[in-house]
Amino acid sequence: MVFVGLLVLGLVATVLYSAVEIVDATEKRALTVLGEYRKLLEPGLNLVPPFVSATHTYDMRTQMLDVPPQEAITEDNSPVTADAVIYIRVMDAKRAFLEVEDYRKAVANLAQTTLRAVIGDMELDDTLRKRTEINSRIHEELDRPTDEWGVRVEAVEVQAVMPTPTVVSAMEKQTSAERRRRAMILEAQGERRSTVERAQGDKQSDIIRAQGEKQSQILEAQGDSVSTVLRAKSAESMGERAVIEKGMETLDAIGQGESTTFVLPQELSSLVGRYGKHLTGSDVKVDGELLESKEFDAETEEWLGLDDVDELLAELDDTENLEDLESPEADD
């Protein structure tokens, strides 16, 4: 009896264990009874037919699929290797169970072929710098088929696109050649700019030098003109002075004669005026007004014989007085 009791107890425990299904909060399970799909088991405690039921678990959280490196040929026939990461999420566990055998494997294989196709439609330079465009195109290509499986592709990230070593070597040579070309262009532009700047500097220097020479010639010509005028005035002044001195010598000779009667030429006043002008640098009159005469020093007065002129004028006054006195006697 004890044995039978233990057997029944064991059977009951087995039935209960087979009839109870506990589902985690992050999961959903597809229930089949005798191979027939019945429903989705929600998180918590679920009762199912014992011994004839089977469940299939689906994680409802976002899952990451790592796409292994794929070799592809770009549109310009350059071989590259690319890998990517895809983030997916099961939105409908029933469709994921009924429409596809293994949704994770199916999405990963589809991502591999799509990655190769997208890279094959692009040139090498575009695959290296247009990473965002590659992600968008793969995402768009994966959306349509995965939606039928009840799976949503949330993001696609291409991790790396690496050319083969042969292509890398060729790219390095191309980059080096491009840098040398740019360096030669910059050097040529620098030399051209330097030549232009030097030519402009030489031109400006020539202009300044020519202006300096022109100004020097003008100043030299003006100096020669002034010098010529001064020499002419000096010669005129020397000639005038010679005439005046000759006239003064004549007056001096007249004053030393024994005669008491003198005939003075009319030009005497003009001669004296010219002499004064020569000494003072001015005319006797300006605008009808007499100029104040300048006083001479003792040496100049002695050289000019001004004292003798005063004595001569005094003698002339005495002679005129004597003639006035003799005139009445003659009348008598």
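Residues numbered from 1 in each chain as written. Predicted model: local features only at pLDDT ≥ 70, side-chain atom pairs only at ≥ 80, totals over all residues. Heavy atoms only, no water.

Undergrad: In this structure, what is going on with the nonpolar core? I would like to understand it.
TA: Generally speaking, nonpolar side chains in soluble globular proteins are found buried as a group. Formed by 35 residues in total, the largest nonpolar core has its most connected members in Ile86, Ile88, Leu115 and Ile138. For this core, the elements supplying multiple residues, two or more each, are β6 (63–73), β7 (79–90), α2 (93–98), α3 (103–120), α5 (131–148) and β8 (151–163). The element best represented in this core is α3, accounting for 7 residues. (Core = buried A, V, L, I, M, F, W, Y, C linked by side-chain atoms within 4.5 Å. Buried < 20%, exposed > 50% of the residue type's maximum accessible area, 1.4 Å probe, protein only. Helix = DSSP H or I, 4+ residues; strand = E, 2+ residues; numbered from the N terminus.)

Undergrad: How should α3 be read in this particular structure?
TA: Note that an α-helix has 3.6 residues per turn; residues three or four places apart therefore point the same way. Its 18 residues place the ends of α3 26 Å apart at the C-alpha level, agreeing with the 26 Å of an ideal helix rising 1.5 Å per residue. Looking at α3, one finds that the buried residues are Tyr103, Ala106, Val107, Ala108, Ala111, Gln112, Thr114, Leu115, Val118 and Ile119. The inward-facing, buried residues of α3 abut β5 (53–59), β6, β7, α4 (124–129), α5 and β8. (Expected span 1.5 Å × (residues − 1). Contact = heavy atoms within 4.5 Å.)

Undergrad: Even after reading the chapter, I still don't get the side chain of glutamine 112, so can you show me in this structure?
TA: Tracing the backbone through its elements, the reader meets glutamine 112 in helix α3. Look past the residues within four positions of glutamine 112 in its chain and what remains in contact with it is Val67, Pro68 and Gln70.

Undergrad: For this particular structure, what's the right way to read a nonpolar patch on the surface?
TA: On the surface, a nonpolar cluster with roughly 600 Å² of combined accessible area is contributed by Phe3, Val4, Leu7, Val8, Val12 and Leu16. Mapped onto the elements, valine 8 comes out in helix α1 (residues 2–19). (Patch = residues over 30% accessible without salt bridge, like charges linked within 9 Å, V, L, I, M, F, W, Y side chains within 5 Å. Areas by Shrake-Rupley, 256 points an atom, 1.4 Å probe, with all protein chains shown as cover. Salt bridge = Lys/Arg side-chain N within 4 Å of Asp/Glu carboxyl O.)

Undergrad: For this particular structure, what's the right way to read the pattern of salt bridges?
TA: Opposite charge on two side chains permits them to pair, given that their charged atoms come into close proximity. What the rule picks out here adds up to 12 salt bridges. For glutamate 21, the salt bridge identified is with arginine 29, shortest N-O distance 2.4 Å. Measuring nitrogen to oxygen at the nearest pair gives 3.5 Å for the salt bridge that ties glutamate 141 to arginine 144. With glutamate 141 and arginine 144 both in helix α5, this residue pair falls 3 residues apart, about one helical turn. By relative accessible area, which is 39% here, glutamate 141 ends up partly exposed. A relative accessible area of 51% places arginine 144 in the exposed class.

Undergrad: What's the story with the packing of α3 against α5 in this structure? I'm lost.
TA: Relative orientation and spacing of two packed helices are given, respectively, by the angle between their axes and the distance between those axes. Across the interface, α3 lies against α5 with an axial gap of 10 Å and an inter-helix angle of 140°. Overall, the two elements α3 and α5 adopt an arrangement that is oblique. The way α3 lies across α5 gives a crossing that is right-handed. Packed against α3, whose contacting residues are Val107, Leu110, Ala111, Thr114, Leu115 and Val118, the element α5 presents Ile134, Arg137, Ile138, Glu141, Leu142, Pro145 and Thr146 at the interface. For the contact of α3 with α5, a count of residues per class yields 9 nonpolar, 2 polar and 2 charged. (Axes fitted to C-alpha atoms, helices over the stretch in contact; angles between N-to-C directions. Parallel < 35°, antiparallel > 145°, perpendicular 65-115°, else oblique. Left-handed = near helix turned anticlockwise from the far one by under 90°. Nonpolar A, V, L, I, M, F, W, Y, C, P; charged D, E, K, R; others polar.)

Undergrad: What should I look at first to understand the side chain of glutamate 21 in this one?
TA: Counting through the fold element by element, glutamate 21 comes out in strand β1 (residues 20–23). A relative accessible area of 15% places glutamate 21 in the buried class. Looking at glutamate 21, its side chain comes within polar contact range of the side chain of arginine 29, at 2.4 Å. With residues up to four places along the chain from it excluded, the contact list for glutamate 21 reads Arg29, Leu41, Gly44, Leu45, Asn46, Val48 and Thr55. (Polar contact = N/O pair within 3.5 Å; in protein donor to acceptor, adjacent residues only side chain to side chain.)

Undergrad: Help me understand the sheet that holds strand β2 (residues 27–33) in this model?
TA: Remark on secondary structure: sheet strands pair via backbone hydrogen bonds, oriented parallel or antiparallel. If you trace the 3 strands from one edge of the open sheet to the other, you get β3-β2-β5, paired in antiparallel fashion. Of all the strands in the sheet, just β3 (36–41) and β5 have a single pairing partner and so form its edges. Shown here is a sheet whose adjacent strand axes are inclined to one another by a mean of 25°, direction ignored. (Pairing = 2+ DSSP bridges.)

Undergrad: What is the right way to read the sheet that holds β6 from this model?
TA: Read across the sheet, 3 strands follow the order β6-β7-β8 without closing on themselves; strand pairing throughout is antiparallel. If you trace the sheet from one side to the other, it starts and ends with β6 and β8, each paired once. The sheet shows a mean angle of 20° between the axes of neighbouring strands, taken without regard to direction. Bridge count for β6 against β7 is 9 bridges, and the pairing is antiparallel. What sits directly across from glutamine 63, in β7, is isoleucine 88.

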